There are 2 protein chains.
Amino acid sequence: MTSALSTAELYTEYSNALRQVADVKYANAVLQWDQETYLPPKGIEARSRQLATLSEVAHNLFTNNKLGDILTELSNRKVLNPREQKNIELSLEDYSKIKKFSAAFVRQMSEAISTAYHAWINARKQNNFKVFEGPLSKIVELKKQEADIIGYEVHPYNALLNDYERGATVSYIDQVFENIKVPLRQLLHQVEEQPAVDAGFLNQHFPRQQQWQYGQHIAKVLGFDFEAGRQDISEHPFTTNFSSADVRITTRIDENDFANMTWSTIHEVGHALYEQGLPASEYGLPVGEYASLGIHESQSRLWENCVGRGLPFWKYHFKPLQKFFPGKFNHVNVQQFVRAINKVQPSLIRTEADELTYHFHVMIRYELEKLLIGGELSVKDIPAYWNEQYKNLIGVTVPDDKNGCLQDVHWSHGSFGYFATYSLGSFYAAQLWQQAQLDEPGLIETIEYTGSTEVLLRWLRKNIHVHGKLYDSETLCKMVTGQGLNSTIFINYLRDKLIF
Amino acid sequence: MTSALSTAELYTEYSNALRQVADVKYANAVLQWDQETYLPPKGIEARSRQLATLSEVAHNLFTNNKLGDILTELSNRKVLNPREQKNIELSLEDYSKIKKFSAAFVRQMSEAISTAYHAWINARKQNNFKVFEGPLSKIVELKKQEADIIGYEVHPYNALLNDYERGATVSYIDQVFENIKVPLRQLLHQVEEQPAVDAGFLNQHFPRQQQWQYGQHIAKVLGFDFEAGRQDISEHPFTTNFSSADVRITTRIDENDFANMTWSTIHEVGHALYEQGLPASEYGLPVGEYASLGIHESQSRLWENCVGRGLPFWKYHFKPLQKFFPGKFNHVNVQQFVRAINKVQPSLIRTEADELTYHFHVMIRYELEKLLIGGELSVKDIPAYWNEQYKNLIGVTVPDDKNGCLQDVHWSHGSFGYFATYSLGSFYAAQLWQQAQLDEPGLIETIEYTGSTEVLLRWLRKNIHVHGKLYDSETLCKMVTGQGLNSTIFINYLRDKLIF
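Residues numbered from 1 in each chain as written. Chains lettered and ligands numbered in written order. Predicted model: local features only at pLDDT ≥ 70, side-chain atom pairs only at ≥ 80, totals over all residues. Heavy atoms only, no water.

### Observations concerning the confidence of the model for chain A
In step 1: Summary statistics for chain A give a mean pLDDT of 96 and a share of 99% for residues scoring 70 or more.
In step 2: Scored as a complex, the prediction yields pTM 0.94 and ipTM 0.93. (pLDDT = per-residue confidence, 0-100.)

Next up, the structure:
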């Protein structure tokens, strides 16, 4: 097709079409948010079918051949500006990819995921991986097919990694983990030789309502815009958004655990600040979205760990905290408090892991997925592999499947290739945090003496948020820090923090 | 088209298609609910476009020619059961109607409504009907065209009435109001000759949180299923639903007005009990919906007025109420309380009107709309007509447009033909309430001595709710009460209540 329309007219047609797809996807996200926060229990059946219908509608709108023609035509025209060009490039990539899948394959995958998710729930209830084995094997089989359909070079897992971190490959991530593995183990040994840290005071009784208010206070302090978002309660904390002007975070509250609510709130605020800073003018278009999952996670971890578990932040905010929860923190000083909230402790569960041992959890999953997708490990051998790796790498004995290979939901959702982005996020976070300090010399002092993180947020807005998906992770990292991902910075950051 | 498919197969295709439309419409309703309850202020812009897109998607799905072919084919087959037959009949009616409108007309109407709504907001701000006059004239013009496009007999307003109350006509509603006007005025005179009722104690200070809890308590008492619904706060109370297992009511709280929260909650609970009782197996199909707006309103008013402003209910619930709000109701007895909550007082605002004078407000609007659509009154003459009628019929002097012809949102939404259903609802309510007492001899005593309205709810479920839209209002009324709408029953009910 060679359209008689001008490039501007064609581009308008393209963006209108994409924005309609986005409208439906965001509507879907509203329904999911509602499901996790306010849905009455009997409403779940109708909600499931409403979500399925919206997904189908969005799929049908996006795979419309007319859109394909417009994309092809626009990709051949040369008068677009860089943002427009990037939008067309990314949309065409998505379009071409989605068009490779037959309706039959999509249905098969969707059914396999639904079956696997329920099997995973049951397997956890019965604490028995065998219950999950068959459905998971089906998923793995389909993910292998998916890699074949998409196409790949060198390793089929590359095709899947790309879904979460555009441009990431097995050889790249192998190298990242290779570089960090030994220094991380050395650091762990050093930490373990230090005196034990007391963190017991974090598990006193902290009333629900007070925690709720404190969480909202902290979100405000960090710059979360409550005019362009909200906070609610859900079983698992998450962030979702329906535009950059409507970003919603959730939290959960355990009355016997101050840390759970506080740092999961800061983590979600980190995600949310990114979403609130994405370019609103690119609503519904690729460039209006986050750069990659790794970059998204870098934002949550920068705020949660670099800022929110840092001494400078608490040098200012610890006294107000003591007042907020009278009697709970009187017997500790700010140094003890910060050591407690950074306590390192090899453990079984990834989501409860400290900032250091966390990455061993990720490495095990990454290697395991690679072997599964490469056909070098069978699903039935997962528990044995898992338990052996946990013994070797983290030094803990896995007592049962629930505390072992059944702990994460990801595989039951068909998400293979996701886990590595958690580690990339941490490493990018440390690198960005270092760069912000170089670019803004008074940053730490300002946080320490005024409690305000505004300078940091402004720096992130300017250097990361405003670009959306205009650059891929590595390009963005180089633009901002002058080099690609350098995990040594993470190790140094961690050593400074953990060795006393 | 003569399809090779069996009737059962065709019917399945039909119901799948309709249910997809329903999924999208319910998703739209979730987004609207969210907009009224939890949307952060800056989220409104994206939300507006998301709603517009979902409406367009639902419209496109429903107007698909393939669905039209299926409907025509099914309407010619004779082996459907009565529910299936009714579904096809009603869907074909909707389909044929919607197909009469050109895309251009739909767009024109939608733009005119958007303009008129904003003009109405501004006109209210400036307290000046002139600001609204032009945009409203456009709406009236389009509504006349709409009547012509739909087609009608005798009066163009018939085509519009039918949108809200299937089968209703000008001659029918003229007759209903003709029958009630004089008895209602006589009753008003009688009431006005009685000693004045003191209702001042309803306007003490009732703390927000306590009102919120009391509202939820009352909703539970009346049988609202909180597993299949929720209550939230919004600026204007409303009921919405996303299936019969997810029905949501909202309330507002004025700390200086106990009545506002309480009876608006009971009113919405009445709507909600109906929705929770509709046949779940007919999800997304016409028979799964409410019979008509008149019948819907009969449910809200039956609970609000017949039950919730009745002496029997408060004979039981007044003592707990006194305890719930210590000191607020100590100086009144239950008779004084019930007189106060039924106080008659001619006034300017429809939504604040008592059960008696309310219908004068409706009659004025009904006559006015009839004249506008019939071309016998111009939009510019509305204020003069309005003020004259309020003087004549209700005996009040309208001080300005805001308290006069600018008070209702309906016209700015293009809703002409709606108001009459409010009155029909009240009249049906009284008739159903009388019939329930005849069918369930111990009903009043049970309410009086146990406070439970379960028998009534069961009666309504069996006689009204379960039928959905299988019968039109008048047929349903005849089936349940042995006669069509008889407004004398309403007058007698009101006399019993108001004359002491």
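### Quick word on the environment of leucine 160 of chain A
All names here are of chain A.
In step 1: Note on placement: leucine 160 falls in helix H7 (residues 156-164).
In step 2: Residue leucine 160 is classed as buried on the basis of its relative accessible area, which comes to 1%.
In step 3: Separated by 255 residues in sequence, leucine 160 and serine 415 place their C-alpha atoms 8.6 Å apart.
In step 4: Contact partners of leucine 160, with chain neighbours within four places excluded, come to Lys143, Glu146, Ala147, Ile373 and Phe416. (Helix = DSSP H or I, 4+ residues; strand = E, 2+ residues; numbered from the N terminus. Buried < 20%, exposed > 50% of the residue type's maximum accessible area, 1.4 Å probe, protein only. Contact = heavy atoms within 4.5 Å.)

### Topic: the packing of helix H8 (residues 170-193) of chain A against helix H16 (residues 420-439) of chain A
All names here are of chain A.
In step 1: One way to put it is that H8 packs onto H16 with a least axis distance of 12 Å and a crossing angle of 60°. For the element pair H8 / H16, the angle class is oblique. Where H8 crosses over H16, the two elements pack in a sense that is left-handed. Facing Tyr172, Ile173, Val176, Phe177 and Ile180 of H8, the residues of H16 in contact are Ala420, Ser423, Leu424, Phe427 and Tyr428. (Axes fitted to C-alpha atoms, helices over the stretch in contact; angles between N-to-C directions. Parallel < 35°, antiparallel > 145°, perpendicular 65-115°, else oblique. Left-handed = near helix turned anticlockwise from the far one by under 90°.)

### Considering the nonpolar core
In step 1: If you look at the biggest cluster of nonpolar residues, it comprises 128 residues, and the most contacted ones within it are Phe329 and Phe337 of chain A.
In step 2: The contact partners of phenylalanine 329 of chain A, leaving out residues within four places of it in the chain, are Phe201, Leu202, Phe206, Phe258, Phe318, Leu321, Gln322 and Phe337 of chain A.
In step 3: Of all hydrophobic cores here, the second largest spans 126 residues; its members include Phe201, Leu356, Val396 and Leu443 of chain B. (Core = buried A, V, L, I, M, F, W, Y, C linked by side-chain atoms within 4.5 Å.)

### Describing the sheet that holds strand E2 (residues 239-243) of chain A
Across a sheet, paired strands are connected by hydrogen bonds in the backbone, their directions being either parallel or antiparallel.
Residues and elements named next belong to chain A.
In step 1: Pairing within the open sheet is mixed, and its three strands lie in the order E1-E3-E2. Both outer strands of the open sheet, strand E1 (229-233) and E2, are each paired with one neighbouring strand and no more. Shown here is a sheet whose adjacent strand axes are inclined to one another by a mean of 20°, direction ignored.
In step 2: Across five bridges, the pairing between E1 and strand E3 (residues 246-251) is parallel. Bridge pairing links isoleucine 233 to threonine 251 in E3.
In step 3: Sitting on the sheet, helix H9 (residues 208-221) is in contact with E1 and E3, with an inclination near 155° to E1. (Pairing = 2+ DSSP bridges.)

### A look at the side chain of glutamine 50 of chain A
In step 1: Summarising the element assignment, glutamine 50 of chain A is placed in helix H2 (residues 44-62).
In step 2: Relative accessible area serves as the criterion here: at 1%, glutamine 50 of chain A is assigned to the buried category.

### Topic: the relation of the copies chain A and chain B
In step 1: The transform that puts chain A on chain B rotates by 180° and translates by 0.0 Å along the axis, for an RMSD of 0.0 Å. Read as a symmetry element, the transformation amounts to a two-fold axis. In terms of C-alpha distance to the rotation axis, chain A has alanine 27 of chain A as its closest residue, with the C-alpha 3.6 Å off the axis.
In step 2: Interface overlap between copies is the fraction of interface residues in one copy that are interface residues in the other; for chain A against chain B it reaches 100%, indicating a shared surface. (Least-squares fit on C-alpha atoms with pLDDT ≥ 70 in both.)

### Considering the interface of chain A and chain B
In step 1: With 37 residues of chain A in contact, the opposing surface of chain B contributes 37 residues.
In step 2: Approximately 3,000 Å² of surface area, both sides summed, lies buried where chain A meets chain B, with 58% of it carried by carbon and sulfur atoms.
In step 3: Taken together, chain A and chain B are joined by eight salt bridges.
In step 4: Linking arginine 47 of chain B and aspartate 246 of chain A is a salt bridge whose minimum nitrogen-to-oxygen distance equals 3.8 Å.
In step 5: Linking chain A to chain B there are 20 residue pairs in polar contact (both at pLDDT 80 or more).
In step 6: Of all the secondary structure elements, the ones that give two or more residues to the side of chain A that touches chain B are helix H1 (7-37), H2, E1, E2 and E3 of chain A.
In step 7: In terms of residue count, H1 of chain A provides more of the side of chain A that touches chain B than any other element does, ten residues in total.
In step 8: Counted by class, the side of chain A that touches chain B contains 19 nonpolar, six polar and twelve charged residues. (Buried area = accessible area lost by both parts, 1.4 Å probe. Salt bridge = Lys/Arg side-chain N within 4 Å of Asp/Glu carboxyl O. Polar contact = N/O pair within 3.5 Å; in protein donor to acceptor, adjacent residues only side chain to side chain. Nonpolar A, V, L, I, M, F, W, Y, C, P; charged D, E, K, R; others polar.)

### Considering the pairing of E2 of chain A
Residues and elements named next belong to chain A.
In step 1: Here E2 lies mainly inside the structure; four of its five residues are buried.
In step 2: In the sheet, E2 pairs with E3 via four bridges, with the strands oriented antiparallel. Counterpart to asparagine 241 in the pairing with E3 is valine 247.
In step 3: Turn length for the E2-E3 hairpin, with the two strands adjacent in sequence and antiparallel, is two residues.

### Things to note about the packing of aromatic side chains
The relative placement of two aromatic rings is captured by the distance of their centres and the angle of their planes.
All names here are of chain A.
In step 1: Under the criterion given, the structure shown has 80 aromatic pairs over all chains.
In step 2: Measuring from centroid to centroid gives 5.5 Å for tyrosine 26 and tyrosine 283, while their planes differ by 40°, and the two rings are tilted. Taken as a pair, tyrosine 26 in helix H1 and tyrosine 283 in the loop between helix H10 (258-277) and helix H11 (293-307) lie far apart in primary sequence, 257 residues in all. One exposure class covers both tyrosine 26 and tyrosine 283, and it is buried.
In step 3: Consider the rings of tyrosine 164 and tyrosine 418, whose centres lie 5.1 Å apart with planes at 50°: the pair is tilted. Of the two residues, tyrosine 164 sits in helix H7 while tyrosine 418 sits in the loop between helix H15 (382-394) and H16, which places them 254 residues apart along the sequence.
In step 4: Using a relative accessible area of 17% as the deciding quantity, one classes tyrosine 164 as buried.
In step 5: Cluster of aromatic residues (ring-pair linked, three or more members): Phe201, Phe206, Tyr214, Phe258, Trp263, Phe313, Trp314, Phe318, Phe324, Phe325, Phe329 and Phe337. (Phe/Tyr/Trp six-rings, centres within 6.5 Å; stacked < 30°, edge-to-face > 60°.)

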